Amino acid sequence: MYDLSGVVGERTLREVVADWDELRPVIAAAKELPLVHAPRLQAPIPLPGNLYAVGKNYRDHVQEFGRSGYDHPDLSTDVPRVPVVFSKVPSSVTGPYDAIDPHPEVTSELDYEAELSVIIGRGGRGISREAAMDHVWGYTIINDVTARDQQRDHQQWLIGKSLDTFAPMGPWAVTADAIGDPAGLVVASTVNGELRQKAPVADMIFDIPELIRTISAGITLHSGDIIATGTPAGVGIGFDPPRFLQPGDVVECSITGLGALRNTVLSPA
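All values derive from a computational prediction rather than experimental measurement. (Residues numbered from 1 in each chain as written. Predicted model: local features only at pLDDT ≥ 70, side-chain atom pairs only at ≥ 80, totals over all residues. Heavy atoms only, no water.)

Q: Before we move on, can you summarise unusual backbone geometry with the specific residues and values?
A: The omega torsion of the bond from Gly170 to Pro171 falls at -5°, within 30 degrees of zero and hence cis. By secondary structure assignment, the location of Pro171 is in strand β8 (residues 167-175). Residue Pro241 is bonded to the preceding Asp240 through a cis peptide linkage, with omega at 0°. Inspection of the secondary structure assignment puts Pro241 in the loop between β11 (226-228) and β12 (250-255). In this structure, Lys56 is a non-glycine residue whose phi angle is positive, near 55°. Of note, Lys56 is situated in the loop between β1 (51-55) and α4 (59-64). For Lys56, a relative accessible area of 7% puts it in the buried group. (Helix = DSSP H or I, 4+ residues; strand = E, 2+ residues; numbered from the N terminus. Buried < 20%, exposed > 50% of the residue type's maximum accessible area, 1.4 Å probe, protein only.)

In structure tokens, the structure reads:
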């Protein structure tokens, strides 16, 4: 990676996103700066202002919930008519290679979800589909780690999705112009090297412009906000019987052009 300290000063990436129009010409010259080694990568935006997420946004993922046996209306096999939007608390974010805390005192049904995540650049409210992509600064990866029993028992998703370390993010934040059309990206995950998930972003039920339009209709989006766009089929709850994560398991989530997260589930002390 390049040493941008002289360019961005003390700004966080979230602040760089907000100041992008000013900084972009200077950052573009980074190829002339010295390469440096980062001993440990943190999440690109360790504490986003808002972390939105989308449930049931791939048809095959919706169908696999039929095998869960959970009495929960949000886990039905009905394809949603509108985006299912919820939140993960920002403090759930952790680094791309950090360990996942299994929280054995809280859950025994730990699951993984590889997701393409949108980083908002220019904020706004009432953003149209046509203008939505102009508000996208770039993309990263999030593993939307989930406590399925908490999701079921509380009859809502916030707690089961928001425990500490339940949002590994990174390893990179890649600008939208470097990616082009995100529909061509492929989302995948493995557990201990076994392929579990693999699907193109084009398979999403609600695309990125529709998600931005829906969320911003009455909520102001801000620079550095993140939208995790949903996960394809192959999560642990979709197997019969379910294959939940166990201590020592290694989960890798990858997306074309964005690298890969690699996180190990901690063993109890």
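Q: Quick one: what's the story with the sheet that holds β12, residue by residue and with numbers?
A: Reading across from one edge, β10-β9-β12-β13 is the order of the four strands in this open sheet, with antiparallel pairing throughout. Here the strands that pair on one side only, and so sit at the sheet edges, are β10 (194-200) and β13 (259-264). Each neighbouring strand pair of the sheet contributes to a mean axis angle of 10°, computed without reference to strand direction. By the bridge criterion, five bridges tie strand β9 (residues 186-191) to β12 in an arrangement that is antiparallel. From the neighbouring strand, Ala188 faces β12, where its bridge partner is Ser254. (Pairing = 2+ DSSP bridges. Axes fitted to C-alpha atoms, helices over the stretch in contact; angles between N-to-C directions.)

Q: Break down helix α9 (residues 208-216) for me, with residues and values.
A: Most of α9 is tucked away: seven of the nine residues are buried. Those residues of α9 that fall on the buried side of the exposure criterion are Ile208, Pro209, Glu210, Leu211, Ile212, Ile215 and Ser216. In this fold, the buried residues of α9 make contact with β1, β2 (84-87), β5 (114-120), α5 (129-132), β6 (136-143) and β11. The N-cap of α9, judged by a side-chain oxygen 3.0 Å from the amide nitrogen of Glu210 a few residues on, is Asp207. (Contact = heavy atoms within 4.5 Å. Polar contact = N/O pair within 3.5 Å; in protein donor to acceptor, adjacent residues only side chain to side chain.)

Q: Describe empty space enclosed by the protein, listing the residues and the values that go with them.
A: The gaps of empty space that remain are located by a probe, the size of a water molecule, rolled over the atoms. The final tally for this structure, using the stated rule, is one cavity of 30 Å³ or more. Its volume calculated, the largest cavity comes out at about 70 Å³. In terms of lining residues, the largest cavity is bounded by 14 residues, among which Gly55, Lys56, His61, Glu113 and Lys161 are the most central. Looking at the lining of the largest cavity, the elements with two or more residues in it are β1 and α6 (148-153). Partitioned by chemical class, the residues of the lining of the largest cavity number four nonpolar, four polar and six charged. (1 Å grid on protein atoms, 1.4 Å probe; cavity = no way out; pocket = protein on both sides within 12 Å on 5 of 7 lines; lining within 4 Å. Points joined across faces, edges and corners; volume = space filled by probe spheres on them. Nonpolar A, V, L, I, M, F, W, Y, C, P; charged D, E, K, R; others polar.)

Q: Tell me about the layout of surface pockets, residues and numbers included.
A: Its volume calculated, the second largest pocket comes out at about 270 Å³. If you trace the second largest pocket, you find 14 residues lining it, with Trp20, Asp21, Gly121, Arg122 and Trp137 closest to the centre. At the level of secondary structure, the elements contributing two or more residues to the lining of the second largest pocket comprise α2 (13-18), α3 (20-27), β6 and α8 (176-179). A per-element tally of the lining of the second largest pocket places α3 first, with three residues. Class assignment of the residues belonging to the lining of the second largest pocket gives a composition of six nonpolar, three polar and five charged.

Q: Before we move on, could you go through the sheet that holds β2 and cite the residues and values that matter?
A: Spatially, the seven strands line up as an open sheet ordered β2-β1-β11-β5-β6-β8-β3, and their pairing is mixed. The open sheet has two free edges, formed respectively by β2 and β3 (93-94), since each of these has just one partner strand. As defined by bridge partners, β1 adjoins β2 across four bridges and the pair is classed as antiparallel. Paired with Val54 across the strands is Val85, a residue of β2.

Q: Could you give an account of the packing of aromatic side chains, naming the residues involved and the relevant values?
A: For the structure on display, the rule yields two aromatic pairs. With a centroid separation of 5.2 Å and an interplanar angle of 85°, the aromatic rings of Trp20 and Trp137 are classed as edge-to-face. Taken together, the positions of Trp20 in helix α3 and Trp137 in strand β6 put the pair 117 residues apart, joining distant regions of the chain. For Trp20, a relative accessible area of 15% translates into the label buried. (Phe/Tyr/Trp six-rings, centres within 6.5 Å; stacked < 30°, edge-to-face > 60°.)

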